[in-house]
Amino acid sequence: MTPPEDPAGTTTPSAASAAERRRLAQETRDERQVWYFLAYFLFGIHLVAFVMIYAVRHAG
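Okay, so let's go over this structure. Computed from a predicted model, the values in this text were never measured in an experiment.

### Observations concerning the overall build of the protein
Consideration 1: Helix and strand counts for the protein stand at 1 helix and 0 strands.
Consideration 2: Counting the 60 residues in the protein, one finds 2% classified as buried.
Consideration 3: Summing over all exposed atoms, the protein offers an accessible surface of approximately 5800 Å²; the carbon and sulfur share of this is 69%.

### Some words on the packing of aromatic side chains
Aromatic rings in a pair are described by how distant their centres are and how their planes are angled relative to each other.
Consideration 1: Taken as a whole and judged by the stated rule, the model has 1 aromatic pair.
Consideration 2: Between Phe37 and Phe41, the ring centres sit 6.4 Å apart and the planes meet at 15°, which makes this aromatic pair stacked. One end of the pair, Phe37, and the other, Phe41, are both in helix 1 (residues 13-57), 4 residues apart, so they sit about a helical turn from each other.

### Here we look at the pattern of salt bridges
Consideration 1: Inspection of the entire model under this criterion finds 2 salt bridges.
Consideration 2: One salt bridge connects Glu20 with Arg23, and the closest N-O pair in it is separated by 2.7 Å. Remark: Arg23 and Glu20 occur in helix 1; sequence separation between them is 3 residues, near one turn of the helix.
Consideration 3: Taking the relative accessible area as the measure of exposure, Glu20 reaches 35% and is therefore partly exposed.

Calculation rules
For every chain, the first residue of the written sequence is number 1, and numbering continues from 1 onward in sequence order. At least 70 in pLDDT is required for a residue's local features to be given in this predicted model, at least 80 for side-chain atom pairs to be given and counted, and no such filter applies to totals for whole chains, interfaces and linings, which use all residues. As a rule here, side-chain values come from all non-hydrogen atoms in the structure, and water together with hydrogens is ignored. Each helix is a run of DSSP H or I of at least 4 residues and each strand a run of E of at least 2, with the numbering of both proceeding from the N terminus. Buried residues are those whose accessible area, probed at 1.4 Å on protein chains only, stays under 20% of the maximum for their type, while exposed residues exceed 50% and partly exposed ones sit between those limits. Only the protein chains shown count as cover for residues, with accessible areas throughout obtained via the Shrake-Rupley method and a probe of 1.4 Å. Ring geometry is summarised as follows: Phe, Tyr and Trp rings, the Trp one being its six-membered ring, pair when their centres sit within 6.5 Å, and such pairs are stacked at plane angles under 30 degrees, edge-to-face over 60 and tilted between the two. The salt bridge criterion pairs a side-chain nitrogen of Lys or Arg with a carboxyl oxygen of Asp or Glu, the two atoms within 4 Å.

See the structure below:
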């Protein structure tokens, strides 16, 4: 997602670099959230699998 264009062309280089830094910071946060989600999901799947293995071995 790019910042809106300034029709007058008055965007200063410092404002553009600040916007770029802000975009990169947001992208880093989003990527970190994706990794956390993946880690919790995989942990949950394994936990369920271990519980199911335990239940099958101890059934009867």
